[in-house]
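Given next are the chains, with one letter for each unit.
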Amino acid sequence: MAGRKSDFTLTKLDDLFSTQEQRDEEKLSKIRDIPLTEIDDFPDHPFKVRDDEDIARSPPDKP
């Protein structure tokens, strides 16, 4: 009987003590406001904006 598998799963404890509305809300993506000081640079990331002389010389965006 060692090769027999079961599809039996237990309900998470949090699901037993929460409403369906709370469980549905947890699945949604969320937008959070965070201070800019909390954002770290990615020094080795291939896509980045360099705040250098070239960016200072670029023309402003048109309205």
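Reading guide: rules and limits
Residues numbered from 1 in each chain as written. Predicted model: local features only at pLDDT ≥ 70, side-chain atom pairs only at ≥ 80, totals over all residues. Heavy atoms only, no water. Helix = DSSP H or I, 4+ residues; strand = E, 2+ residues; numbered from the N terminus. Buried < 20%, exposed > 50% of the residue type's maximum accessible area, 1.4 Å probe, protein only. Areas by Shrake-Rupley, 256 points an atom, 1.4 Å probe, with all protein chains shown as cover. Patch = residues over 30% accessible without salt bridge, like charges linked within 9 Å, V, L, I, M, F, W, Y side chains within 5 Å. Salt bridge = Lys/Arg side-chain N within 4 Å of Asp/Glu carboxyl O. Lys, Arg positive; Asp, Glu negative; His and termini not counted. Charge placed at Lys NZ, Arg CZ, Asp CG, Glu CD. pLDDT = per-residue confidence, 0-100.

**Digging into the overall build of the chain**
Helix and strand counts for the chain stand at three helices and zero strands. Ordered by position from the N terminus, the helices and strands of the chain form the series α-α-α. Taken over 63 residues, the chain has a buried fraction of 3%. Working note: accessible area of the chain is about 7,600 Å², and carbon and sulfur atoms make up 54% of it.

**Considering a negative patch on the surface**
Where like charges cluster on the molecular surface, the negative patch consists of Asp14, Glu21, Asp24, Glu25 and Glu26. Take the negative patch: its biggest share by element is four residues, from helix α2 (residues 20-27). Positionally, Glu26 belongs in helix α2.

**Notes on a nonpolar patch on the surface**
A cluster of nonpolar side chains, Leu13, Leu16 and Phe17, forms an exposed patch at the surface whose accessible area comes to about 400 Å². Along the polypeptide, Leu13 turns up in helix α1 (residues 13-16).

**Some details on the confidence of the model for the chain**
Averaged over all residues, the pLDDT of the chain equals 79, while 87% of them reach at least 70. For the chain, per-element mean pLDDT is lowest for helix α3 (residues 53-57), which scores 76, and highest for α2, which scores 89.

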